[in-house]
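Architecture at a glance
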Amino acid sequence: MSAQPAPEDPLDVFEAFLKRKGLKMTEQRRTMVATVLEHDGHFTAVDAHERLRSAGEPVSLATVYRALGLLEEAGILEGHDFADGQRRYERALTREHHDHLICLDCRAVVEFQNPAIEELQDKVLKDHGFTMVHHALTIFASCGALRQTGTCARRDAERRTSGRGTAKRP
Ligand SMILES: [Zn+2]
Ligand SMILES: [Zn+2]
């Protein structure tokens, strides 16, 4: 992060970031940023790759992985480990901070904002004399459907389509 106020246009942010790293903004990188930012929720490298291919962009999966890594480093995307072996990304720039609740039975992902939790975190930082750079809170849980009814429709749907990661996600 530079000391100047950050420009909010993702392309400007990315270009400035690349420059600091001695990398160039290319037409392909430009397209990748625009396409990747079209994703509404959480997505994997495979999802982003599929979207780019169907938009007629002939990129390799390895290139997509590299680009997502750079976009995360630049603070344009946020990466999460939801404990299913696939890193998930979402837009970070121009979005309000939120935390996540993950159901380990059916993989439901719930986004939440809780001012009391945020305040407590600030207090913990203050108590330790630390300054927040970034934080992510992910709670792994059970949504209750399986426990209460013995079945979970979301989990069954996930299993039916279980070519890993191809199931429809919230
Ligand atoms: Zn569940
Ligand atoms: Zn999220």
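In this report, the structure presented in the accompanying data block is examined.

Thoughts on the sheet that holds strand β4 (residues 109-112)
Read from one edge to the other, the open sheet built from three strands follows the order β4-β3-β5, with strand pairing classed as mixed. At either end of the open sheet lies a strand with only one pairing partner, and these are β4 and β5 (138-141). Taking each pair of neighbouring strands and ignoring which way they run, the sheet shows an average axis angle of 20°. The pairing of strand β3 (residues 99-103) with β4 spans four bridges and is antiparallel. Paired with H100 across the strands is E111, a residue of β4.

Topic: helix α4 (residues 61-73)
Here α4 spans 18 Å end to end across 13 residues, near enough to the 18 Å set by a 1.5 Å rise per residue. Burial in α4 covers these residues: V64, A67, L68 and L71. Buried residues of α4 fall within an arc of 100° about the axis and therefore sit on the same side. Projecting away from the buried face of α4 at angles above 90 degrees are the exposed residues A62 and E73. Contacts from the buried residues of α4 go to α1 (10-20), α2 (27-36), α3 (45-54), β1 (77-81) and β2 (87-91). Note on α4: the residue one or two positions beyond its end, G75, has a positive phi of about 80°.

Topic: the environment of A74
Structurally, the position occupied by A74 is in the loop between α4 and β1. Between the C-alpha atom of A74 and that of V13, which follows or precedes it by 61 residues, the distance is 7.4 Å.

Focus: the nonpolar core
Formed by 16 residues in total, the largest nonpolar core has its most connected members in A48, V64, L68 and L71. Counting residues per element, the ones that place at least two in this core are α2, α3 and α4. Broken down by element, this core gets its largest block of residues, four residues, from α4. Leave out the neighbours within four places in its chain, and L68 touches A45, A48, L77 and Y89.

Re the pairing of β1
Walk down a regular strand and you will see the side chains alternate between the two sheet faces. The pairing of β1 with β2 spans five bridges and is antiparallel. Following the sheet pairing, D81 is matched in β2 by R87. In this antiparallel pair of consecutive strands, β1 and β2, the connection spans five residues, and A83 shows a positive phi of 60°.

Conventions adopted
Residues numbered from 1 in each chain as written. Chains lettered and ligands numbered in written order. Predicted model: local features only at pLDDT ≥ 70, side-chain atom pairs only at ≥ 80, totals over all residues. Pairing = 2+ DSSP bridges. Helix = DSSP H or I, 4+ residues; strand = E, 2+ residues; numbered from the N terminus. Axes fitted to C-alpha atoms, helices over the stretch in contact; angles between N-to-C directions. Expected span 1.5 Å × (residues − 1). Buried ≥ 20, exposed ≤ 12 C-beta atoms within 10 Å, placed from the backbone. Arc of directions from axis to C-beta. Contact = placed C-beta atoms within 7 Å. Core = buried A, V, L, I, M, F, W, Y, C linked by C-beta atoms within 7 Å.

Note that all results are geometric; they support no functional claim without further evidence.
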